[in-house]
Amino acid sequence: SVAVTGGSLCQYGSFIDSLRLFVRGGTGGMGYPRLGGEGGRGGDVWLVAQERATLKSIRDRYPHKRFVAGTGANSSVRALKGEKGQDCEVAVPLGISVLCDDGKHIGELNAAGERLLAARGGLGGSLATNFVPCKGQRRIVCLDLKLIADVGLVGFPNAGKSSLLSKMSHAKPQVASYPFTTVQPELGKLMYKDYKQVSVADLPGLIEGAHTNRGMGHKFLKHVERTKQLLLVVDISGFQLSIKAPFRTAFETVVLLTKELELYKEELLSKPALLAVNKMDLPGARENLRELVQQLQEPHNFLHLLEEEMIPARTLEFKDIIPISTYTGEGIEELKDCIRRSIDEEADRENEEYRKKQLQLLQPSA
C-alpha cells in the first residue's frame, strides 16, 4: 500500500533535481505463542531505476511523498508461518544518488532496473521477539539527481550554450536575451550518420562564486560530475554579468570557469575538455581569437594580470579549440566532429585499459 505526507524539493521551472521522501517498511505480523507460529515479515520499500521516470512525476503522482510497505500476515492455525507483507516499489530516474536526511550516502542508481533498499520491513512475531512483531524501518531519504550525459556544456550566462545545443541537436531549449536565459538543465542528443548518439547536457550559466553556492551554485555544478567530458563555451568578445560586475575577456572567462570547477571539485579538471569559442560573427572576432589562442598556449605569461584568488592551481588543457557562431552556423559541424572524435578516443582508451587489466589477471603469479 502507498500512503501520502510532506517533503521538500528543489526545482527550476518544471524541472526538479532533488526530492525528499518519507519511506517506511511494513510492520511484521503477529506470532502465535500457543503453537510457536511466526508472523510474516513486513514488506520492504525499494527504489527502482526506470528510463522514463522523473522526480517531477513522483511529486505529481504522490504529492505527499510518503511510501509505506505492507504489513506481514499474522500467524494462524491454518498458516503458522505468516506471509511477508507486500513490497512498495518507487520508480526513480537514472542518475540518482540516495542520501539519508543527515547527508549520509546510501547508494546510487545509474542503470535501468537497478534496485536500492530504502526501508526494510520489520520482523514478524516469533519466539525470539516473544511473539510480538517489530515495526519496519522508517526514515526520510533524499533523492539527488545528477544528469548522466556524454558531454556537459559549461559557461557563464549568455555564452550561447542553449543556442549551441539547439543548433547541434533536436533539443529546443527556451532562449532569451537576458543574462540567466536557462533556468533548468536541458539534455540533447547529437545524431551521427552511422546512427551513433552522443548526449549533451546544457548546464545553466555559472556565475563567479558559484562554488560557494552563489546564484544556482551547487544545484548545477553537481550535474557536471556525471558527464564524461566538458565542453566550455565562451563569448569571444568577453562577458559582463551586470553593470556593477567587472568585464571579463574570453581568456579571463576560461580561467574563471576553470577556477569555479576546481573549487567545487578538483577532479572535474581531469575530465577531457573541448573549448568552443562562440560569436565569431561579431566585429574584431578574428583578432580576439588569435589573442585568446596565444594566451591559452602560454597561460602563465598572462595569469599575473588576474587577481590572485581568481587563478586556478592548474589550467585546463583543451583537446581542441573550435571557433563557432551559433548565429551563422560557422564551425557547428566541425565541433560535432570534434566531440565525436574525443568521445571515441576516450572509449578506445578505456577499452585498452580494461584489456590490459584482464591480461594482468590472466598472468600466473610469480
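Quantities reported herein were computed from a predicted structural model and do not represent experimental measurements. Each chain has its residues counted from 1, following the order in which its sequence is written. Whole-chain, interface and lining totals are the exception, using all residues; otherwise, since this is a predicted model, local features are given only for residues with pLDDT of at least 70 and side-chain atom pairs are given and counted only at 80 or more. Note: side-chain values were computed over all heavy atoms of the structure, leaving out hydrogens and water.

1. Topic: a nonpolar patch on the surface
Argument step 1. A cluster of nonpolar side chains, contributed by Leu-35, Val-77 and Leu-80, occupies part of the molecular surface with about 260 Å² of accessible area.
Argument step 2. Segments assigned H or I by DSSP are reported as helices when at least four residues long, segments assigned E as strands when at least two residues long, and all are numbered from the N terminus. Within the secondary structure layout, Leu-80 lies in the loop between β4 (66-68) and β5 (88-92).
Argument step 3. Working definition: with a 1.4 Å probe on protein chains only, accessible area under 20% of the residue-type maximum means buried, over 50% means exposed, and in between means partly exposed. Residue classification places Leu-80 among the partly exposed residues on the basis of a relative accessible area of 38%. Like-charged residues within 9 Å of one another, or nonpolar side chains (Val, Leu, Ile, Met, Phe, Trp, Tyr) within 5 Å, are grouped into patches, provided each residue has over 30% relative accessible area and no salt bridge. Only the protein chains shown count as cover for residues, and all accessible areas are computed by the Shrake-Rupley method using a 1.4 Å probe. A side-chain nitrogen of Lys or Arg and a carboxyl oxygen of Asp or Glu constitute a salt bridge if their distance falls within 4 Å.

2. Regarding helix α4 (residues 250-264)
Structurally, the α-helix is built with 3.6 residues per turn, so residues lying three or four positions apart point the same way.
Argument step 1. For α4, spanning 15 residues, the distance from its first C-alpha to its last is 21 Å, which sits close to the expected 21 Å at 1.5 Å a residue.
Argument step 2. Within α4, 14 of the 15 residues are buried, which leaves the element mostly enclosed by the surrounding structure. For a helix, the expected span equals 1.5 Å multiplied by the residue count minus one.

3. Focus: the pattern of salt bridges
Argument step 1. If you walk through the whole model with that rule in mind, you get 21 salt bridges.
Argument step 2. Among the ionic pairs, Arg-59 bridges to Asp-60, the shortest N-O distance being 3.1 Å.
Argument step 3. Note on Asp-60: relative accessible area 44%, which makes it partly exposed.
Argument step 4. Between Arg-248 and Glu-307 there is a salt bridge, with the nearest N and O atoms lying 3.9 Å from each other. With Arg-248 in the loop between β13 (229-235) and α4 and Glu-307 in the loop between α5 (285-297) and β15 (318-323), this pair connects stretches of sequence that are 59 residues apart.

4. Considerations on the packing of aromatic side chains
Argument step 1. A pair of Phe, Tyr and Trp rings is counted when the ring centres sit within 6.5 Å of each other, with Trp represented by its six-membered ring. The angle between the planes then sorts it: under 30 degrees is stacked, over 60 is edge-to-face, the rest tilted. Considering all chains together, one arrives at three aromatic pairs under this definition.
Argument step 2. Note on Tyr-62 and Phe-67: the rings are 4.9 Å apart at their centroids and 75 degrees apart in plane angle, and the pair reads as edge-to-face.
Argument step 3. Judged by its relative accessible area of 1%, Phe-67 falls in the buried class.
Argument step 4. Both rings, one in Phe-251 and one in Phe-302, keep their centres 6.2 Å apart while their planes meet at 70 degrees; by these two values the pair is edge-to-face. Here Phe-251, found in helix α4, pairs with Phe-302, found in the loop between α5 and β15; they are 51 residues apart in sequence, far enough to count as distant. Like Phe-302, Phe-251 is buried.
Argument step 5. Think of it as a cone above the ring: NZ of Lys or CZ of Arg counts as a charge over the ring if it is within 6 Å of the ring centre and within 35 degrees of the ring normal. The ring of Tyr-192 carries Lys-336 above its face, with NZ or CZ at 5.7 Å from the centroid.
Argument step 6. Note that Arg-340 overlies the ring of Tyr-192, its terminal NZ or CZ placed 5.2 Å from the centroid.

5. Section: the packing of helix α2 (residues 161-168) against helix α6 (residues 332-362)
Argument step 1. Interaxial distance between α2 and α6 falls to 10 Å at its minimum, and their mutual angle equals 85 degrees. The angle between α2 and α6 places the two elements in the roughly perpendicular class. Across from Leu-164, Lys-167 and Met-168 in α2, the residues of α6 making contact are Ile-332, Leu-335, Lys-336 and Ile-339.
Argument step 2. Looking at the contact of α2 with α6, its residues break down into five nonpolar, no polar and two charged. The convention used is that axes are lines fitted to C-alpha atoms, helices contributing only their stretch in contact, and that angles between N-to-C directions extend from 0 to 180 degrees. Note that the term roughly parallel is reserved for angles under 35 degrees, roughly antiparallel for angles over 145, roughly perpendicular for angles of 65 to 115, and oblique for everything else. In this description, contact between two residues means that some pair of their heavy atoms is separated by no more than 4.5 Å. Residues are grouped as follows: Ala, Val, Leu, Ile, Met, Phe, Trp, Tyr, Cys and Pro are nonpolar; Asp, Glu, Lys and Arg are charged; all remaining types, including Gly, are polar.

6. Some points on the confidence of the model for the chain
Argument step 1. Values of pLDDT, ranging from 0 to 100, describe the predictor's confidence in every residue of the model. Averaged over every residue, the pLDDT of the chain is 84; residues scoring 70 or more account for 86%.
Argument step 2. Residue range residues 1-14 is modelled with pLDDT below 50. Its contacts to residues more than four positions away, or to other chains, number 48 contacts.
Argument step 3. Low pLDDT, under 50, characterises residues 210-217; the stretch is placed with 16 contacts to residues that sit more than four places away or in other chains.

7. A short note on the pairing of β15
Argument step 1. Here strand β14 (residues 273-278) pairs with β15 via four bridges, running parallel. Pairing of Val-277 across the sheet is with Pro-323, part of β15.
Argument step 2. Between the parallel elements β14 and β15, the chain passes through α5 in a crossover that is right-handed. Paired strands are those between which DSSP finds at least two bridges. Orient the strands so they point away from the viewer, and a crossover whose first-strand-to-second-strand path over the helix runs clockwise is right-handed.

8. Considerations on unusual backbone geometry
Argument step 1. Positive phi values are uncommon outside glycine, yet Asn-130 reaches one of about 60 degrees.
Argument step 2. Along the chain, the position of Asn-130 falls in the loop between β8 (115-119) and β9 (138-145).
Argument step 3. When its relative accessible area of 61% is taken as the criterion, Asn-130 is described as exposed.
Argument step 4. With a phi close to 70 degrees, Lys-279 is a non-glycine residue in the positive phi region.

9. Some words on the sheet that holds β5
Argument step 1. Strand order across the open sheet formed by three strands is β5-β3-β8, with mixed pairing between neighbours. This sheet does not close on itself; its edge strands, each paired only once, are β5 and β8. Put simply, the sheet's adjacent strands are angled 30 degrees from each other on average, direction ignored.
Argument step 2. Both strand β3 (residues 45-49) and β5 contribute to a ladder of five bridges, which runs parallel. Bridging from a neighbouring strand, Val-48 pairs with Ala-91 of β5.

10. With respect to the environment of Arg-120
Argument step 1. As for its position among the elements, Arg-120 is in the loop between β8 and β9.
Argument step 2. By relative accessible area, which is 42% here, Arg-120 ends up partly exposed.
Argument step 3. For the pair formed by Arg-120 and Gly-25, sequence separation is 95 residues and the distance between their alpha carbons is 4.9 Å.
Argument step 4. Among residues more than four places away in sequence, those in contact with Arg-120 are Gly-25, Arg-41, Gly-43, Asp-44, Gly-136 and Gln-137.

11. A word on the pairing of strand β11 (residues 186-191)
Argument step 1. Burial along β11 is one-sided: Glu-186, Gly-188 and Leu-190 are buried, and none of Leu-187, Lys-189 and Met-191, which face the opposite way, are.
Argument step 2. Here six bridges tie β11 to strand β12 (residues 197-202), and the two strands are oriented antiparallel to one another. When the sheet's bridge partners are listed, Met-191 is paired in β12 with Gln-197.
Argument step 3. A loop of five residues connects β11 with β12, the two strands running antiparallel in sequence, and Tyr-195 in this loop sits at a positive phi of about 75 degrees.

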